[in-house]
Amino acid sequence: MRRVPDSVVRPAYAGVPGPELYDGSDVMDAETVEKMRIAGEVAADSILIAAAEIRPGITTDHLDKVAHEFLCDHGAYPAALDYRGFPKSICTSVNEVICHGIPDTRPLEEGDLIKIDSTAFLNGVHGDNCATFYVGEVSEEAKLLSERTREAMYRGIKAVKPGRQLSVIGRVIESYAKRFGYDTVREYTGHGCHVAFHSGMIVLHYDEPMLDTIIEPGMCFTIEPMLTMGSARNKQWNDGWTVVTRDGSWCAQFEQTLVVTETGTEILTVPSSGELILGGDPTTIDTSKIA
Ligand code: MF3
Ligand code: CO
Ligand code: CO
């Protein structure tokens, strides 16, 4: 586990087996949302600064180090670190790894698809986001999977309006994924995300009309679809974390933390440049725009 300076405030779940049950609301007041914009910006920038290092031969442990140091330098605690015992500061999930990949010493290879998921805890709130990037030149089918997963996330985000059922998100995402023959992961979901990292409210990425939560202004949660080229059936490695597809098919993921407004949503995980994270080719990232 990497060192966190004493000046960085730790969340309650660090150093204990797991978080306390959250029984508060998923609706945040304006003051809390403002804090979330700041945490969200740092979380987004931490992905960009790490992703800018992506190339064949670089290890995921190096990406972890870069994101960790960036977060700490900005006063943020890397929320993954010691969350239910997770040993690293970000999740790095390559190819058939769906999510919760643990950064390690495997060098990235030309053609790999890597998901970086980074969460900042700052001023008592969380900003959680993820994007998929290419290592060198990747196959056309991998690029399409990644771009369509990003599009699926944005379609889910656009479907969010106060008064609608939360299940509209999964309906939109699953129907878009199906057009291309992609499958959508069911066991890992979006979640209420604010003062709590995972509040207990879940956001499905597949159609489930029984989920009868109604969307309200001020609600803060993530949308984070994981789409697979083949079947989304999955298993966990015996490291207790890494989730992989059973058939070895590749997976892409994008995630944003957002707040529901009177008319739709505002994305909170916006980089300091003001331009949303696109993923894809990491050589296009302009690190001079990161504050
Ligand atoms: N950031 C992930 C999510 O989107 C959660 C990672 S938990 C960890 O919900 F412990 F694996 F880091
Ligand atoms: Co999340
Ligand atoms: Co995440």
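Keep in mind that this is a model prediction, so the values were computed, not measured.

Draft legend 1. Spotlight on the coordination of the cobalt ion (ligand 2). Bound to the cobalt ion (ligand 2) are the protein donor atoms D128 (OD), H191 (NE2), E224 (OE) and E255 (OE), situated 2.0 to 2.2 Å from the metal. Around the cobalt ion (ligand 2) sit six donor atoms; with metal-centred angles ranging over 51 to 163 degrees, the donor geometry is irregular. Read in sequence order, the donor residues for the cobalt ion (ligand 2) give the motif D-x62-H-x32-E-x30-E. Between the cobalt ion (ligand 2) and the cobalt ion (ligand 3), both coordinated by D128, there is a metal-metal distance of 3.3 Å. Of this pair, H191 sits in strand β7 (residues 190-191) while E224 sits in the loop between β9 (220-223) and β10 (226-228), and the two are 33 residues apart along the sequence.

Draft legend 2. Structural context of the nonpolar core. With 69 residues, the main nonpolar core has I116, F133, F221 and I223 as its most contacted residues. At 10 residues, the largest contribution of residues to this core is made by helix α1 (residues 30-51). Aside from chain neighbours lying at most four places away, what touches I116 is I47, A50, A51, I54, L63, I90, C91, N129, C130, A131 and F133. Within the second largest apolar cluster, 11 residues are counted, among which are V8, Y13, Y77 and L81.

Draft legend 3. Quick peek at the site of ligand 1. Near ligand 1 lie 14 residues; those nearest to it are A80, D117, H191, H198 and E224. Taking D117, its side chain carries an N or O atom lying 2.9 Å from a nitrogen atom of ligand 1.

Draft legend 4. Structural context of helix α2 (residues 60-73). Relative to the 20 Å expected for 14 residues at 1.5 Å per residue, α2 spans 20 Å between its end C-alpha atoms, a close match to the ideal helical length. Within α2 the residues assigned to the buried category are T60, L63, D64, V66, A67, H68, F70, L71 and C72. Taken together, the buried residues of α2 touch α1, β1 (77-78), β2 (91-94) and β4 (113-122). A positive backbone phi angle near 80 degrees is found at G75, which sits one or two residues after α2.

Draft legend 5. Here's a closer look at unusual backbone geometry. At D82, a residue that is not glycine, the phi angle is positive and equals roughly 70 degrees. The residue D82 is located in the loop between β1 and β2 in this model. Of note, N123 is a non-glycine position whose phi angle comes to about 55 degrees, a positive value. Here N123 lies in the loop between β4 and β5 (125-134).

Draft legend 6. Broad picture of the pairing of β5. Judged by how many residues are buried, β5 sits mostly within the fold: 10 of 10 residues are covered. Across the two faces of β5 the burial is the same, with V125, G127, N129, A131 and F133 and H126, D128, C130, T132 and Y134 all buried. Across 10 bridges, β4 lies against β5 in antiparallel orientation. Paired with D117 across the strands is C130, a residue of β5. Here β4 hands over to β5 after two residues, with N123 in that stretch at a positive phi of 55 degrees.

Draft legend 7. Region of interest: the coordination of the cobalt ion (ligand 3). Donor atoms from the polypeptide that coordinate the cobalt ion (ligand 3) comprise D117 (OD), D117 (OD), D128 (OD) and E255 (OE), at 2.1 to 2.2 Å from the metal. Every donor counted, the six donor atoms about the cobalt ion (ligand 3) form angles of 59 to 170 degrees at the centre, which fits irregular coordination. Coordination of the cobalt ion (ligand 3) draws on donor residues from a single chain, spaced D-x10-D-x126-E in sequence.

Draft legend 8. Structural detail: the environment of G200. Structurally, G200 can be placed in the loop between β7 and β8 (202-203). For the pair G200 and G101, spaced 99 residues apart in sequence, the C-alpha separation works out to 22 Å.

Draft legend 9. Just the sheet that holds strand β3 (residues 97-99), in detail. Taken together, the three strands give an open sheet; going across it, the order is β3-β12-β11, and neighbouring strands pair in antiparallel fashion. If you trace the sheet from one side to the other, it starts and ends with β3 and β11 (234-236), each paired once. The sheet shows a mean angle of 40 degrees between the axes of neighbouring strands, direction not considered. Pairing between β3 and strand β12 (residues 243-245): two bridges, direction antiparallel. Residue pairing across strands places V97 opposite V244, the latter belonging to β12.

Draft legend 10. Structural context of the packing of α1 against α2. Contact geometry for α1 and α2: axes closest at 9 Å, N-to-C directions at 145 degrees. Like other packed secondary-structure pairs, α1 and α2 cross with a definite hand, here right-handed. Contact residues: V42, A43, D45, S46, I49 and A50 in α1; L63, V66, A67, F70 and L71 in α2. When the residues that make up the contact of α1 with α2 are grouped by side-chain class, the tally is nine nonpolar, one polar and one charged.

Draft legend 11. Spatial organisation of the pattern of salt bridges. Counted by the stated rule, this structure contains 12 salt bridges. Note that R106 is salt-bridged to D112, the shortest N-O span being 3.0 Å. Note that K178 and E174 form a salt bridge whose closest N and O atoms lie 3.9 Å from each other. Of this pair, K178 and E174 both sit in helix α4 (residues 167-179), four residues apart, roughly one helical turn. One network of salt bridges, with partners in common, ties together R2, D61, D64 and K88.

Definitions and limits used
Residues numbered from 1 in each chain as written. Chains lettered and ligands numbered in written order. Predicted model: local features only at pLDDT ≥ 70, side-chain atom pairs only at ≥ 80, totals over all residues. Heavy atoms only, no water. Donors = N, O, S within 2.8 Å, 3.2 Å for Na, K, Ca; no water. Tetrahedral: all angles 85-135°; square planar, octahedral: opposite > 155°, others 65-115°. Helix = DSSP H or I, 4+ residues; strand = E, 2+ residues; numbered from the N terminus. Core = buried A, V, L, I, M, F, W, Y, C linked by side-chain atoms within 4.5 Å. Buried < 20%, exposed > 50% of the residue type's maximum accessible area, 1.4 Å probe, protein only. Contact = heavy atoms within 4.5 Å. Near = heavy atom within 4 Å. Polar contact = N/O pair within 3.5 Å; in protein donor to acceptor, adjacent residues only side chain to side chain. Expected span 1.5 Å × (residues − 1). Pairing = 2+ DSSP bridges. Axes fitted to C-alpha atoms, helices over the stretch in contact; angles between N-to-C directions. Left-handed = near helix turned anticlockwise from the far one by under 90°. Nonpolar A, V, L, I, M, F, W, Y, C, P; charged D, E, K, R; others polar. Salt bridge = Lys/Arg side-chain N within 4 Å of Asp/Glu carboxyl O.

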